[in-house]
Amino acid sequence: MVSIIAVLVLGGGLIVTTTMIMRQQALSAGASAAKLIEPSVRDVVPESSYTTGVLGPEAERDLKRSVTEFSEQLVGLRLWNADGTLLFDANPSTSAPFPQTDPFDRAVRDGEVSARVVTITLGATDGSGTAGRQVTALSVYVPVTENAVRVGALEVVLDYTETDEALREAVQVVATVISVGLLVLWLLLFRTVRNASKRLQTSALENARLALLDPLTGLPNRRMLLDRMRRAIDQAEEDGTGVGLVLLDIDRFKDINDSLGHDRGDELLVQVAHRLRAALRERDVVARLGGDEFAILLPAIRSVANAERLAQRVRNLFNPAFNLGGLELHVDSSIGVATLPEHAVDASGLMRKADVAMYTAKSHRVGVSVYSPDEDDSSPARLVLLGDLHRALADRQELVLFYQPKIALANDQVVGYEALMRWVHPTRGMLVPDLFIPLAEQSGLIHDLTAFALESAISQLARWQGEGRETPVAVNLSAHNLTSPQVVETIEELLHAHQVRPDLLEVEITETALVADPSRVVPVLEQLADIGVLVSIDDFGIGNTSISQLRDLPVARIKIDRTFIADLTGTHPRAGSEMIVKAMVDLAHSFGLEVVAEGVEDPDTEGLIRALGVDQAQGFLYSQPIPAADVPPVESPGPRVRQSGRRGPRAKPAKTPQAGR
Ligand code: C2E
Ligand code: MG
Ligand code: MG
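Enquirer: Is there a simple way to explain the coordination of the magnesium ion (ligand 3) in this structure?
Expert: Think of it this way: four donors in a tetrahedron around the metal ideally sit 109.5 degrees apart, and six in an octahedron ideally sit 90 or 180 degrees apart. Protein coordination of the magnesium ion (ligand 3) is provided by Asp538 (OD), Asp539 (OD), Glu598 (OE) and Glu598 (OE), with donor distances spanning 1.8 to 2.7 Å. Ordering the donors of the magnesium ion (ligand 3) by residue number gives the pattern D-D-x58-E. Between the magnesium ion (ligand 3) and the magnesium ion (ligand 2), a spacing of 4.1 Å is present, and a bridge between the two is formed by Asp538. Here the residue Asp539 occupies a position in strand β18 (residues 534–540), and Glu598 occupies one in the loop between β20 (594–597) and α20 (603–612), the gap between them amounting to 59 residues. Each member of the pair, Asp539 as well as Glu598, is classed as buried.

Enquirer: Before we go on, may I ask you to explain the coordination of the magnesium ion (ligand 2) in this structure?
Expert: Distances from the magnesium ion (ligand 2) to its protein donors, namely Glu418 (OE), Asn476 (OD1), Glu508 (OE) and Asp538 (OD), fall within the range 2.0 to 2.2 Å. Mapped onto the sequence, the residues coordinating the magnesium ion (ligand 2) show the spacing E-x57-N-x31-E-x29-D.

Enquirer: I would appreciate a short explanation of the domain arrangement of the chain in the present structure.
Expert: For interface size, the figure often reported is the accessible area lost on association. Its domain assignment divides the chain into domain 1 (2–166), domain 2 (222–375) and domain 3 (386–630). Centre-to-centre separation of domain 1 and domain 2, based on C-alpha positions: 99 Å.

Enquirer: Can you help me understand the nonpolar core in this one?
Expert: Across soluble globular proteins, you tend to see nonpolar side chains buried next to one another. Grouped together as the largest cluster of nonpolar side chains are 80 residues, with contacts concentrated most on Tyr403, Ile491, Leu505, Ile509, Ile558, Ile560 and Ile609. It is helix α13 (residues 446–466) that provides the largest number of residues to this core, a total of nine residues. Once residues lying within four places of it in the same chain are set aside, the contact partners of Leu505 are Leu454, Ile458, Leu461, Val473, Val475, Ile491, Leu495, Val533 and Leu534. In this structure, Val45, Val67, Leu77 and Val171 belong to the second largest nonpolar core, which totals 34 residues.

Enquirer: I tried to follow the packing of helix α7 (residues 253–260) against helix α8 (residues 262–279) on my own but got confused; where do I start?
Expert: Helix-helix packing is described using two parameters, namely the angle between the two axes and the distance between the axes. Contact geometry for α7 and α8: axes closest at 6 Å, N-to-C directions at 140°. The orientation of α7 relative to α8 falls into the category oblique. Across the interface between the two elements, Phe253, Ile256, Asn257 and Leu260 from α7 touch His262, Arg264, Gly265, Leu268 and Leu269 from α8. Tallied by class, the residues present in the contact of α7 with α8 amount to five nonpolar, three polar and one charged.

Enquirer: Could you clarify how one ought to interpret the sheet that holds strand β12 (residues 368–370) in this entry?
Expert: Strand pairing in a sheet relies on backbone hydrogen bonds. The paired strands run either parallel or antiparallel. Spatial strand order, β7-β8-β6-β11-β12: five strands in an open sheet with mixed pairing. At either margin of the open sheet sits one strand with a lone partner, and together these are β7 (285–290) and β12. Pairwise comparison of adjacent strand axes, ignoring direction, gives a mean angle of 20° for this sheet. In terms of strand pairing, strand β6 (residues 242–250) meets strand β11 (residues 333–340) through eight bridges, oriented antiparallel. Looking at β11, one finds that Gly244 is bridged to Thr339. Strand contacts of helix α9 (residues 304–316): β6, β8 (293–301), β11 and β12, with the helix running at about 160° to β11, the strand carrying the most contacts.

Enquirer: Where do I start with the environment of Leu401 in this structure?
Expert: Counting through the fold element by element, Leu401 comes out in strand β13 (residues 399–408). Beyond its immediate stretch of four places on either side in the chain, Leu401 contacts Ala419, Leu420, Met421, Ala453, Ser456, Ala457, Pro627 and Ala628.

Enquirer: Help me understand the pairing of strand β4 (residues 133–146) in this model?
Expert: Most of β4 is tucked away: ten of the 14 residues are buried. Judged from the nine bridges that link them, strand β3 (residues 114–122) and β4 form a sheet pairing that is antiparallel. Along β4, the bridge assignment pairs Arg116 with Ser139. Relative to strand β5 (residues 149–159), β4 is paired through ten bridges, and the arrangement is antiparallel. Note that in β5 the partner of Ala137 across the bridge is Asp159. Adjacent in sequence and paired antiparallel, β4 and β5 are bridged by two residues, among which Asn147 carries a positive phi angle near 45°.

Enquirer: Please explain the pairing of β6 as it appears in this structure.
Expert: Look at any regular strand and the pattern is simple: side chains alternate between the two faces of the sheet. Taken across its nine residues, β6 has nine buried, putting it largely inside the fold. By the alternation rule, side chains of β6 split into Gly242, Gly244, Val246, Leu248 and Ile250 and Val243, Leu245, Leu247 and Asp249, which are all buried. When β6 meets β8, the two strands line up antiparallel, connected through seven bridges. Bridging across to β8, Leu248 finds its partner in Phe294.

Enquirer: I tried to follow the site of ligand 1 on my own but got confused; where do I start?
Expert: Close to ligand 1 lie 24 residues; Glu418, Asp538, Arg562, Glu601 and Phe620 are nearest. At a separation of 2.9 Å, an oxygen atom of ligand 1 approaches a polar side-chain atom of Arg422. Contacts to ligand 1 include Phe620, whose backbone N or O atom sits 2.8 Å from an oxygen atom. In isolation ligand 1 exposes 790 Å². Once the protein is present, 89% of that is buried. Of all the elements in the fold, those that place two or more residues in the shell around ligand 1 are β14 (413–425), β16 (473–477) and β18. Counting residues per element, the shell around ligand 1 draws most heavily on β14, at four residues. Classifying every residue of the shell around ligand 1 by side-chain character gives nine nonpolar, five polar and ten charged.

Enquirer: Can you walk me through helix α4 (residues 101–110) in this structure?
Expert: Structural remark: α-helix, 3.6 residues per turn; residues separated by three or four positions point the same way. Turning to α4, its buried residues are Pro103, Phe104, Ala107 and Val108. Burial along α4 is one-sided: seen end-on, the buried residues are contained in an arc of 120°. Opposite the buried face of α4, at more than 90 degrees from it, the exposed residues are Thr101 and Arg109. Its buried side turned inward, α4 meets β1 (74–81), β3, β4 and β5. One or two residues past the end of α4 sits Gly111, with phi positive at roughly 70°.

Enquirer: Quick question: what am I supposed to make of the sheet that holds β3 here?
Expert: An order of β2-β1-β5-β4-β3 is seen for the five strands of this open sheet, with the pairing classed as antiparallel. Of all the strands in the sheet, the pair left with one neighbour each is β2 (86–89) and β3. Pairwise comparison of adjacent strand axes, ignoring direction, gives a mean angle of 25° for this sheet. Bridging between β1 and β5 involves seven bridges; their strand directions are antiparallel. By the bridge assignment, Gly76 is partnered in β5 with Val157. Sitting on the sheet, α4 is in contact with β1, β3, β4 and β5, with an inclination near 140° to β5.

Enquirer: I keep staring at the packing of aromatic side chains and nothing clicks. Help me out?
Expert: Each aromatic ring pair is described using two quantities: the centre-to-centre distance and the angle formed by the ring planes. Applying the stated criterion across every chain yields a total of seven aromatic pairs. Between Tyr417 and Trp464 the ring centres are 5.4 Å apart and the planes differ by 40°, which places this aromatic pair in the tilted class. Separated by 47 residues along the polypeptide, Tyr417 in strand β14 and Trp464 in helix α13 bring together distant segments of the chain. Residues Tyr417 and Trp464 agree in their burial class; the two are buried. Note on Trp423 and Phe436: the rings are 5.6 Å apart at their centroids and 85° apart in plane angle, and the pair reads as edge-to-face. Placement of Trp423 in strand β14 and of Phe436 in the loop between β15 (429–431) and α12 (437–443) is noted, with a sequence separation of 13 residues between them. Neither Trp423 nor Phe436 differs from the other in exposure class; each is buried. Joined through ring pairs, the aromatic side chains of Trp80, Phe104 and Tyr141 make up one cluster. One residue, Arg275, lies across the ring of Phe322, its end atom 3.7 Å from the ring centre. Over the ring of Trp464 we find Arg469; its NZ or CZ atom is 4.8 Å from the centre of that ring.

About the cut-offs
- Sequence order sets the numbering: in each chain, residues are counted from 1 along the sequence as written.
- As a convention, the first chain written is A and the first ligand written is 1, with the rest following in written order.
- Totals for whole chains, interfaces and linings use every residue, but because this is a predicted model, local features are given only for residues with pLDDT of at least 70 and side-chain atom pairs only at 80 or more, for both listing and counting.
- With hydrogens and water set aside, each side-chain value is computed from the structure's full complement of heavy atoms.
- Any N, O or S atom lying within 2.8 Å of the metal counts as a donor, with the limit raised to 3.2 Å for Na, K and Ca; because water is left out of the atom set, some sites can appear incomplete.
- Runs of E in the DSSP output that reach at least two residues are strands. Runs of H or I that reach at least four are helices, and both are numbered from the N terminus.
- Burial classes follow relative accessibility: with a 1.4 Å probe on protein chains only, a residue under 20% of its type's maximum area counts as buried, one over 50% as exposed, and anything between as partly exposed.
- Domain start and end points were adopted from an automatic or database domain assignment.
- Buried residues of nine kinds, namely Ala, Val, Leu, Ile, Met, Phe, Trp, Tyr and Cys, make up a nonpolar core once their side-chain atoms join them within 4.5 Å.
- Contacts are assigned to residue pairs with any non-hydrogen atoms lying within 4.5 Å of each other.
- Helix axes are fitted to C-alpha atoms over the stretch in contact, other axes to C-alpha atoms as well, and angles between N-to-C directions run from 0 to 180 degrees.
- Roughly parallel means an angle under 35 degrees; roughly antiparallel means over 145; roughly perpendicular covers 65 to 115; every other angle is labelled oblique.
- Nonpolar residues are Ala, Val, Leu, Ile, Met, Phe, Trp, Tyr, Cys and Pro. Charged residues are Asp, Glu, Lys and Arg, and all others, Gly as well, are polar.
- A pair of strands counts as paired when DSSP detects no fewer than two bridges linking them.
- In these notes, residues near a molecule or strand are those with any non-hydrogen atom within 4 Å of it.
- Each polar contact in these results corresponds to two N or O atoms within 3.5 Å; when the atoms are within protein, one needs to be able to donate a hydrogen and the other to accept it, and residues that are neighboring in sequence are counted only if both atoms are side-chain atoms.
- For the area figures, the Shrake-Rupley method with a 1.4 Å probe applies, and any residue is considered shielded solely by the protein chains shown.
- Within this analysis, the arc is defined by the directions that extend from the helix axis to the C-beta atoms.
- Here a pair means two rings of Phe, Tyr or Trp (six-membered ring of Trp) with centres within 6.5 Å. Their orientation is stacked below 30 degrees between planes, edge-to-face above 60, and tilted elsewhere.
- Ring-over charges, as used throughout, are those where CZ of Arg or NZ of Lys falls within 6 Å of the ring centre and within 35 degrees of the ring normal.

Structure (structure tokens):
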């Protein structure tokens, strides 16, 4: 609207100005024409007529003739002397005998020619009663000068009708051209401005969208999730329901990214996003929090169990392999669940609790984990447990090592034991390492804990040595123990103090510990190998070392992680896992490494790993981890270990449910 008014004002101004200029030009053209007549008047009028105020008949006749000689455009001619006395009038009937004061004065006094448009009546009443014709005329007053003295003024009246009409037409054309031009200009400007403002609006909307959505998957981002979470919490408080939050992290996503490239990694994220979105209800919010982390907000849930069931369902969405550019890829996820009001009272609390649960799921490799204060660094229960661990390490009564045999598949003989720590907690019962090793690692107690494990295992070795048993014992070291050579000194001192041969001690380090900081870990391993201690890589296959990398390390053995072994048989054998194990075995052998299979639970698995060429096996099929006192005496090696060593229900792991989870 404002632009229309501006254009109208501009158009009006242009038209008025142009019209004025054209009119001015027409007037000065008329004035020039009138000036041409003045000399011929001066020629026929004697100078004395101006003084006397009377024109002689001869001069009058000459003047009349001159008038007729001029073009038809001349419609009037009047001559006054300087006093304003009319000396001659070509059409006496058309007007009064007086001059127009202003132009007359300007002509006589200032010598100025002035022109203006007037309306006159031609052929006016001469007594016949006929009305005259009205015409538009240009009246021009021209000074008459004799011998440089202004003696009178001449009024030349020119027919202006045609000029006026031409002028009017010109003005119309100009007005039309200006109007159309301005209209076109306005339309162009309007379109440009409208397009620009549309673009601005679109980009503003896009920016707002980007601020709330993840650009890769199009899912809501963390900000939008938090906003939805707050709304869901408000709603749940009104309805008396709860809110669930499920956090999901893709296992080994970094490996996938590193080995297949970031494009494939991105593709995987998009496919995961798609599966999640397709499987959930419209009102559940699926968000990507960044990296390989996704979140699912469950508004208005009725129980923790419901949220957990949904989390299980989400985990199953990962069962069909992902197809990344023709490559079939099996991917797992770790999922944490927390709910409000059970675990948190607000959005940020819920987020933190679900995060703790997710890390528990990841570190214990349990797939889905519901928030538990035991796993929470900052929860009061965890702080109490930390205090208890301090005490347990100080008085050394509650921590014990259990031993689990390793069997040579070639002859079914026990070829070693793995020492696995147990904490007999005064109130919580027997605790498995997963419940306190991470706590020890985070709090720095791991060094004392490892020192205790080494001391306990080496003194046991000394006792067994004394009984004539020379079976090696493997102690697990944490990544934290391997960043300084301190652990090598401790081992040397203990071996020396207990008079134990170094080749009876083995250490197991996880593959992830090795890859975390190889520049510090490798020298420590080399020193261990130098003093004659054998090094095994534990949980092999879940980190991202290749066997060829191990060739240059002082490593004697790999222990294939039990998830690969579990995939071999059972109700859901995983396609391709046999090939993976076979490839690991063949490669390890080609580099002179021994292969141990962890987690062998049944004869079928044993048959299979034997066929695949695995050297040693460890698992519940042979024995659960047992106290040293329960290890069978050395003089009865005859019977197969499987019969003599098995304790308790075979399928039930040492992690007993009453162990405090
Ligand atoms: P790991 O070194 O891989 O030990 C093998 C784990 O598998 C043990 O769990 C053992 O009880 C379990 N296992 C053995 N056979 C079977 C089987 O047939 N089926 C199944 N499902 N599990 C089986 P555990 O004793 O709970 O220990 C867990 C982890 O804790 C160990 O994994 C080791 O990494 C760590 N750990 C244990 N003791 C110590 C220790 O003294 N120091 C340190 N730093 N870590 C330890
Ligand atoms: Mg181990
Ligand atoms: Mg292991």
